[in-house]
Amino acid sequence: MELFTNQVLAGIATGAIYACMALAVVMIYQAIDHLNFAQGEMAMFSTFISWQMMQWGVPYWGAFILTLALSFAGGIVIERLLFKPLAKAPILTNVAGFIALYGIINSFAGLIWDFTIKQYPTPFGSSPFLGSQLISTHQAGMIGVTVLLLIGLYLFFQFTRIGLAMRAAAALPESARLVGINTSWMIALGWGMAAAIGSIAGMLIAPVVFLEPNMMLGVLIYGFAAAVLGGLTSPLGAVVGGFLVGVFENLAGTYIPVVGNELKLPIALALIITVLVVKPAGLFGRPIVKRV
Amino acid sequence: MSAVQEAAAEAPAIEAVPKRAMTLGIGTSLAILALLLLVPLFVKNFIIFQLTMLLIYALAVLALNILTGGSGQFSLGQSAFYAVGAYTSAILMEHANMNYALTLPIAGLICFAFGFAFGQPALRLSGVYLALATFALATAMPQLLKLGFFEHWTGGVQGLVVTKPDAPFGLPMSQDMWLYYFTLAITIGIYIASVNLLRSRSGRAFMAIRDNEIAASAMGVDVALYKTLAFGVSAGITGVAGGLGAIAVQFVAPDGYTILLSIALFLGMVVGGVGWLPGSIVGSAFIIFVPNIAEGISKGLSGAVFGVLLFLVIFLVPHGARQVAMIAQQLIGKLRN
């Protein structure tokens, strides 16, 4: 039983990261109807920036906040420069754009910071949390930061004018424009926020998976799985999906004998395909109606 | 109501390519064929090897082109099919001592079945969802190949070494040159078959689905069958390319077939022009020679160069090599007058 509780808690901790990634993916999907395949690489690059700042002597939380701001700006710049011109292009062109971005960021991170694996500090320490053997302080910190982030986002989207405008722009762009919302900038804002949320996920998971240019690939796939499970059209679904996927991953790794660390990605694949086949709209998404 | 509106306003998967624009005229085809036949006689073995890889990747890009340009479906998972083909050939050659030429149809068939099976869930997916599912397939494949359970056959992380075949009938040819002509023969065969496929009833069904799925089904096209069929054919051709690749490189290992290979093939298709079959060889040349140049400048640079060039292609020549070829044709036409 203790093993079970332990694994569930560990699952919730990694699930928090998947929830962040899924949320970032869903925010961009809501804004432009495309999946950002470079989301993981953007998060990885942000994490490297924060690491570099710490190497230069900036304290952890200072680097954390600065990285958030830089990632936010970076997300907006990427949208304005690269993806705004592609808004009306066919899906293929957009997929190609994301793939290109993936290659560029991955390659540049390797060029600047090398492909060797680096340690990444945690501000929480790794001792047992509150004297309990079930969960480490870093895992508790991951959950804590994510929950704070989610509350903040909820308040932002529910109670601020700009949050309302963003929701309107995502739900019905045409009508939103008619009531005077600048939908184009709302999309850019969505990109900025997605980049910032992704950078939080990157900085929190880096002490666990270690810092290197390919660190986010597995996390991104699980983030996709979470987003698909929750429904790509639902931010709430993405978060719930993230936690579910995290717990599922840990339990499968513990209790199904063949599945160890070496099968993590195939499990995510199986999960994605199962959800897409059984319930393509996900748990909370709305089904898409098609017509000629 | 809002959902319907959104779906109607959705961008098309890819821009429609008319059937005639998919191939080259006979004269140009023969000129290229003559070039491909003669060049290896005058160059070194290493360059012949690179030309062989050029043909092999051209096959893989062609396969993706049939899927995307023909039927309008995406795949970022071609590396998985390529890997299955490569491993099938390698295992049959090394464990069952089978002749290399016989392993290729088997690799093709197995990949066709795999692609057909994977196409089943893909039926319910379109656009970004399909890209996502295949993206996950490509990232998962190296881990599946490393699995301890299959290690006896696959050699696990170490991979398998494949012996390179000699030229048969005592032909006075180096191994590389023989393999080049062998690959060329297969490539030409598959190219002709693909052109004919796209001109056939099935090809028209693919294109009808690509241009408007619902309209196609209303016209009596069995959408489910043709979508999976396109997936299967594409995977089968990729599998043959993978088998040839294993023989040419003489080695298979899980880390040779990562998502980067899928990205490269996708890039090759976009550069060559989506839906333009002869563009496959242009795209393939691009993905073979550009990394060589980029890695020569700095290690790890090829991803960035790929990415930047891909953006340039998207923004400047969205139809890839086809567009360049058409512009060239017009210029020549003007000069003549």
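Everything discussed here concerns the structure shown above.
Worth saying up front: this structure is predicted, and the values here are computed from it rather than measured. (Residues numbered from 1 in each chain as written. Chains lettered and ligands numbered in written order. Predicted model: local features only at pLDDT ≥ 70, side-chain atom pairs only at ≥ 80, totals over all residues. Heavy atoms only, no water.)

Student: Explain the overall build of chain A to me, please; I cannot follow it from the model alone.
Tutor: The number of helices and strands found in chain A is 11 helices and zero strands. Written out in order from the N terminus, the α and β elements of chain A read α-α-α-α-α-α-α-α-α-α-α. For a compact globule of 292 residues, the expected C-alpha radius of gyration is about 19 Å, and chain A comes in at 19 Å, within 12% of that figure. For chain A, the spread of C-alpha atoms along the principal axes amounts to about 55 × 50 × 35 Å. A buried classification covers 55% of the 292 residues belonging to chain A. Long-range contacts, defined here as pairs at least 24 residues apart, represent 74% of the contacts in chain A between residues at least 6 apart. For chain A, the exposed area adds up to about 12,100 Å²; of that, 71% sits on carbon and sulfur atoms. A distance of 18 Å separates the average location of the 12 positive side-chain charges in chain A from that of its 9 negative side-chain charges. (Helix = DSSP H or I, 4+ residues; strand = E, 2+ residues; numbered from the N terminus. Rg over C-alpha atoms; globule rule 2.2 N^0.38 Å. Buried < 20%, exposed > 50% of the residue type's maximum accessible area, 1.4 Å probe, protein only. Contact = heavy atoms within 4.5 Å. Areas by Shrake-Rupley, 256 points an atom, 1.4 Å probe, with all protein chains shown as cover. Lys, Arg positive; Asp, Glu negative; His and termini not counted. Charge placed at Lys NZ, Arg CZ, Asp CG, Glu CD.)

Student: I'm lost on the pattern of salt bridges in this one. Help?
Tutor: Oppositely charged side chains can pair when the atoms bearing their charge come close. All names here are of chain B. Inspection of every chain in the model, using the stated rule, returns four salt bridges over all chains. A salt bridge links Asp-211 to Arg-210; the shortest N-O distance between them is 2.9 Å. You can call Asp-211 partly exposed: its relative accessible area is 44%. (Salt bridge = Lys/Arg side-chain N within 4 Å of Asp/Glu carboxyl O.)

Student: Explain the side chain of Thr-88 of chain B here, please?
Tutor: Residues and elements named next belong to chain B. Along the chain, Thr-88 falls in helix H4 (residues 78-95). There is a polar contact of 2.5 Å between the side chain of Thr-88 and the backbone oxygen of Val-84. Discounting chain neighbours no more than four positions away, the residues touching Thr-88 are Ile-106, Ala-107 and Ile-110. (Polar contact = N/O pair within 3.5 Å; in protein donor to acceptor, adjacent residues only side chain to side chain.)

Student: Is there a simple way to explain the packing of aromatic side chains in this structure?
Tutor: Given two aromatic rings, one states the distance between the centres and the angle between the planes to describe the pair. If you walk through the whole model with that rule in mind, you get 29 aromatic pairs over all chains. Measuring from centroid to centroid gives 6.1 Å for Tyr-57 of chain B and Tyr-82 of chain B, while their planes differ by 20°, and the two rings are stacked. In this pair, Tyr-57 of chain B is assigned in helix H3 (residues 45-71) and Tyr-82 of chain B in helix H4, connecting sequence segments 25 residues apart. When its relative accessible area of 18% is taken as the criterion, Tyr-57 of chain B is described as buried. Chaining the aromatic ring pairs together yields one cluster made of Phe-83, Phe-98 and Trp-191 of chain A together with Phe-311 and Phe-315 of chain B. Cation over ring: Arg-80 of chain A sits above Trp-185 of chain A, and NZ or CZ is 4.2 Å from the ring centre. (Phe/Tyr/Trp six-rings, centres within 6.5 Å; stacked < 30°, edge-to-face > 60°. Lys NZ or Arg CZ within 6 Å of the ring centre and 35° of its normal.)

The analysis is restricted to geometry; functional conclusions fall outside its scope.
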